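Close look at the chain arrangement
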Amino acid sequence: MTTFKRMTPKVLPYYLREPPGVIAKILVRLATCPFEEVAARLPLRGSLLDVGCGAGIFTATAAQMGFSCVGVDVDPRKIETARRATRGAAMLEWIRNTGPVHTPRLRKADDLPVEYVLLQPEELYSPGDRRFDAVVINDVLHLVEPRRREDFLRHYRGLLAHRGRMLIKTMREDAGWRIRIHQAQETIMVKGLRWTAGASTEPPPIRWLTDTLSAMNLSVRVEDISEGYPYPHVLVTAEDAPG
Ligand SMILES: C[S@@+](CC[C@H](N)C(=O)[O-])C[C@H]1O[C@@H](n2cnc3c(N)ncnc32)[C@H](O)[C@@H]1O
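Summary of the structure given here. Quantities reported herein were computed from a predicted structural model and do not represent experimental measurements.

Per the secondary structure count, the protein includes eight helices and seven strands. Looking at the protein as a whole, 34% of its 243 residues are labelled buried.

Judged by nonpolar contacts, the single largest core of 49 residues is most densely connected at Leu 48, Val 51, Val 135, Val 136, Ile 137 and Ile 168. Each residue touching Ile 168, except ones within four places of it in the same chain, is listed here: Ile 137, Leu 141, Leu 209, Val 236 and Ala 238.

Moving on, we come to the site of the ligand. Taken together, 21 residues surround the ligand, and among them Gly 52, Gly 54, Asp 75, Asn 138 and Ala 197 come closest. Class assignment of the residues belonging to the shell around the ligand gives a composition of 11 nonpolar, five polar and five charged.

Judged by pairing direction, the sheet is mixed, and its seven strands sit side by side in the order β3-β2-β1-β4-β5-β7-β6 without closing on themselves. Since the sheet does not close on itself, it has two edges, and those belong to β3 (114–118) and β6 (218–224), each with one partner. Taken pair by pair, the neighbouring strands of this sheet meet at an average axis angle of 15°, ignoring direction. Looking at chain direction, β6 and strand β7 (residues 233–240) are connected through seven bridges and run antiparallel. Counterpart to Asp 224 in the pairing with β7 is Val 234.

Mapped onto the elements, Gly 56 comes out in the loop between β1 (47–51) and α4 (57–64). With 29 C-beta atoms counted inside 10 Å, the residue Gly 56 sits in the buried group. Along the chain, Gly 56 and Ile 79 lie 23 residues apart, while their C-alpha atoms are 7.7 Å from each other. Beyond its immediate stretch of four places on either side in the chain, Gly 56 contacts Gly 71, Ala 82, Ala 85, Thr 86 and Tyr 116.

For the rest of this paragraph, the subject is unusual backbone geometry. Leaving glycine aside, a negative phi is the common case for residues, and trans is the common case for peptide bonds. At Arg 163, a position not held by glycine, the phi torsion is positive, near 65°. Considering the arrangement of structural elements, one finds Arg 163 in strand β5 (residues 160–171). If you check the backbone angles, Arg 194 has positive phi at about 55° while not being a glycine. With respect to the helices and strands, Arg 194 occurs in the loop between α7 (177–192) and α8 (206–214). Among the residues examined, Arg 194 registers 11 C-beta atoms within 10 Å and is labelled exposed.

Let us now look at the pairing of β1. Summarising burial for β1: four of the five residues are buried, a large majority. For β1 and strand β2 (residues 68–73), the ladder comprises five bridges, and the chain directions are parallel. Looking at β2, one finds that Leu 49 is bridged to Val 70. Read as a crossover between parallel neighbours, the route from β1 over α4 to β2 is right-handed.

With that settled, consider α4. Within α4, eight of the eight residues are buried, which leaves the element mostly enclosed by the surrounding structure. Taken residue by residue, α4 has Ile 57, Phe 58, Thr 59, Ala 60, Thr 61, Ala 62, Ala 63 and Gln 64 as its buried positions. Looking one or two residues beyond α4, the residue adopting positive phi is Gly 66, at roughly 110°.

Looking now at the environment of Ile 188. Within the fold, Ile 188 resides in helix α7. The partly exposed category is assigned to Ile 188, around which 14 C-beta atoms lie within 10 Å. Between the alpha carbons of Ile 188 and Thr 201 there is a distance of 9.8 Å; along the sequence they are 13 residues apart.

Moving on to the environment of Leu 42. Locating Leu 42 in the fold gives a position in the loop between α3 (35–39) and β1. Since 19 C-beta atoms lie within 10 Å of it, Leu 42 is described here as partly exposed. Once the C-alpha coordinates of Leu 42 and Thr 237 are considered, the two residues, 195 residues apart in sequence, prove to be 9.4 Å apart. Once residues lying within four places of it in the same chain are set aside, the contact partners of Leu 42 are Ala 62 and Ala 134.

What counts and how
Residues numbered from 1 in each chain as written. Predicted model: local features only at pLDDT ≥ 70, side-chain atom pairs only at ≥ 80, totals over all residues. Helix = DSSP H or I, 4+ residues; strand = E, 2+ residues; numbered from the N terminus. Buried ≥ 20, exposed ≤ 12 C-beta atoms within 10 Å, placed from the backbone. Core = buried A, V, L, I, M, F, W, Y, C linked by C-beta atoms within 7 Å. Contact = placed C-beta atoms within 7 Å. Near = placed C-beta within 6 Å. Nonpolar A, V, L, I, M, F, W, Y, C, P; charged D, E, K, R; others polar. Pairing = 2+ DSSP bridges. Axes fitted to C-alpha atoms, helices over the stretch in contact; angles between N-to-C directions. Right-handed = clockwise from strand over helix to strand, strands pointing away.

Right, here's the structure in full:
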């Protein structure tokens, strides 16, 4: 649970003005998702698109790391929370930087390099000519209807800059009881409580995912990043192949 120990003190203050229910969800997310493992595979710097950014935990963190970020999501409640969190993050940065010694790193709230875009339910983000050094899809693919997944991936692969990197965090579909527990929880969140927007709850088979990404001229690597977590987390890194 490295993420929980290391990221909670940094990220939680962004959300402290949210209702207790939202704060509880952020804590659960920090405890169950290995965000740090994902962040460790980002390129050194550049622009980042966070597809299905949710409340912006990863987006705001990447923005603080220096990435110029766009977060997109189909859920208006999540986008609103993410926007408020960015203001919280910027305020925190301002307080840190104006501590006992003033430093020239002082940034105003609206200078934090992050922007959030609300998508319509089946919309794919289309930013014109803009391309991204990193495209992150963290725990989103299982929510996309299976017959739309290939187009979804092809679209976001098309937004990758030359030599850019896609990081797709999902769950191993063949992980026995661990994946069944995750699916039961997602079914409650998506179909019961409707806390998460989604058209499915089944993760894509990893073999299908790697074949699909390879066919899009990406060089693909799969890593198990589940150590210390209850869920079977898998990270698929797909890089725009040189040439
Ligand atoms: C489990 S949450 C993960 C949020 C965030 N990526 C994170 O790691 O904390 C899944 C998010 O995907 C969003 N989502 C579902 N289908 C989507 C789609 N077709 N396009 C964009 N976002 C989508 C949901 O609204 C939700 O915020």
